[in-house]
Amino acid sequence: MTATADAPTDDSTGRLLPEERSAAAWAISDTLVLTRRNLLHLTRQPQLLVFTFIQPVMFTLLFRYVFGGAIQTGDIDYVNYLMPGIFVQTVVFGSTSTGVGLAEDLATGVVDRFRSLPMSRVAVLAGRTLADLARNAFVVALMTAVGMLVGFRPQGGVTGFILGGCMVLLAAFALSWVFALVGLKSASAEAAQAVAFPLIFPLTFASSAFVPVQTMPGWLQAFATRQPITVIIDATRGLMAGPDEAAKLLQAGLLSRSTGTSVVYALAWIALILAIAVPLAVSWYRKAT
């Protein structure tokens, strides 16, 4: 049976007429258009990408060559311990741009113009988070090159590194939806940035990103071991280290739990964040606009 027998088509192209496309197809199409729009916006302001890249490079060099000698990781090379934490820290800080960008679009009236178009409401949020996911992936790739230059050698091989990278990007996507909530409730881009940093600093630095949790005071260890950033870092570190190296990390107290357990907990945290943040962001977006 031909397409013309099932649904109206354009005589010149044979494609389905616009009104015959499903709501899901329109939402996907609109999301891809807005993702492209946000990525093009980024290429026209390359300084945003440069500054996003410079900060993790500075942290890498600081902890690798200034503080690294004072941080004891036993037989494990500190740079191999450090880089998974740097990857997660990079996407945590980078995810704040979702909130900043949304707040800016709301303040400048761009979202009002989107509302005047026959487009999916969720596409504005999804397009922003997907564009930021692509930017985070690019920055992580650049940081991988930097890590290699300073001695990072993932013992888990290519497979372990890719799995760890996927964990980092899943976390980045989930956190982008969290900061979308911040952007939707902020009056300006500056306000969104001001709100975001007090949220991410305690989670990033009171974690296993740079130092072993066991070196912290007991009351802080209880928080640091269980909070989502540490769980995600430990999962990433275990995957990139490989089974043998991860076993050494666990025995030395440099991992809070086994790699398999950390991966399960990390995925549970990511799923929980998305389950809460996505519907809440969509609801707030509809109210805000």
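Residues numbered from 1 in each chain as written. Predicted model: local features only at pLDDT ≥ 70, side-chain atom pairs only at ≥ 80, totals over all residues. Heavy atoms only, no water.

(A) Here's a closer look at empty space enclosed by the protein. For the structure on display, the rule yields two cavities of 30 Å³ or more. Looking at the largest cavity, the residues that line it are Asn-80, Tyr-81, Pro-84, Phe-152, Arg-153, Pro-154, Gln-155, Arg-237, Met-240, Ala-241, Glu-245 and Leu-249. Sorting the residues of the lining of the largest cavity by element identifies α4 (78–108) and α10 (228–251) as the ones contributing at least two each. Of the residues forming the lining of the largest cavity, the biggest block, five residues, is contributed by α10. When its residues are assigned to classes, the lining of the largest cavity shows seven nonpolar, two polar and three charged. In this structure, the second largest cavity is lined by Leu-34, Arg-37, Asn-38, Leu-102, Asp-105, Phe-114, Val-124 and Arg-128. Those elements giving two or more residues to the lining of the second largest cavity turn out to be α2 (23–44), α4 and α6 (122–149). If one sorts the elements of the lining of the second largest cavity by residue count, α2 sits on top with three residues. Tallied by class, residues from the lining of the second largest cavity come to four nonpolar, one polar and three charged. (1 Å grid on protein atoms, 1.4 Å probe; cavity = no way out; pocket = protein on both sides within 12 Å on 5 of 7 lines; lining within 4 Å. Points joined across faces, edges and corners; volume = space filled by probe spheres on them. Helix = DSSP H or I, 4+ residues; strand = E, 2+ residues; numbered from the N terminus. Nonpolar A, V, L, I, M, F, W, Y, C, P; charged D, E, K, R; others polar.)

(B) Spatial organisation of the packing of aromatic side chains. Counted under the stated rule, the structure contains 15 aromatic pairs. A ring pair is formed by Phe-201 and Phe-205, whose centres lie 5.3 Å apart and whose planes are at 25°; its orientation type is stacked. Of this pair, Phe-201 and Phe-205 both sit in helix α8 (residues 189–205), four residues apart, which is roughly one turn of that helix. On the accessibility criterion, Phe-205 (31% relative accessible area) is partly exposed. (Phe/Tyr/Trp six-rings, centres within 6.5 Å; stacked < 30°, edge-to-face > 60°. Buried < 20%, exposed > 50% of the residue type's maximum accessible area, 1.4 Å probe, protein only.)

(C) Focus on the nonpolar core. One finds Phe-87 and Phe-210 to be the most contacted residues of the largest nonpolar core, which totals 55 residues. Going through the elements one at a time, α3 (46–67), α4, α6, α7 (157–184), α8, α10 and α11 (259–288) are the ones with two or more residues in this core. Leaving out residues up to four positions away in the same chain, Phe-210 has contacts with Phe-59, Phe-63, Ile-71, Tyr-78, Tyr-81, Leu-82, Ile-86, Gln-89, Thr-204 and Phe-205. Grouped together as the second largest cluster of nonpolar side chains are 17 residues, Leu-34, Ala-123, Leu-181 and Ala-277 included. (Core = buried A, V, L, I, M, F, W, Y, C linked by side-chain atoms within 4.5 Å. Contact = heavy atoms within 4.5 Å.)

(D) Spatial organisation of the packing of α4 against α10. In the contact formed by α4 and α10, the axes pass within 9 Å of each other and the chain directions differ by 155°. Relative to α10, the element α4 is oriented roughly antiparallel. Relative to α10, the crossing made by α4 is right-handed. Contact residues: α4 offers Tyr-81, Pro-84, Gly-85, Phe-87, Val-88 and Val-92, while α10 offers Ile-229, Ile-232, Ile-233, Thr-236, Arg-237, Met-240 and Leu-249. Split into classes, the residues belonging to the contact of α4 with α10 amount to ten nonpolar, two polar and one charged. (Axes fitted to C-alpha atoms, helices over the stretch in contact; angles between N-to-C directions. Parallel < 35°, antiparallel > 145°, perpendicular 65-115°, else oblique. Left-handed = near helix turned anticlockwise from the far one by under 90°.)

(E) The confidence of the model for the protein chain, seen in detail. Mean pLDDT over the protein chain works out to 85, with 90% of the residues at or above the 70 mark. Mean pLDDT values over the elements of the protein chain span from 44, in helix α1 (residues 3–6), up to 94, in α7. Contacts from residues 1–18, a stretch scored under 50 in pLDDT, to residues over four places away or in other chains number 16 contacts. (pLDDT = per-residue confidence, 0-100.)

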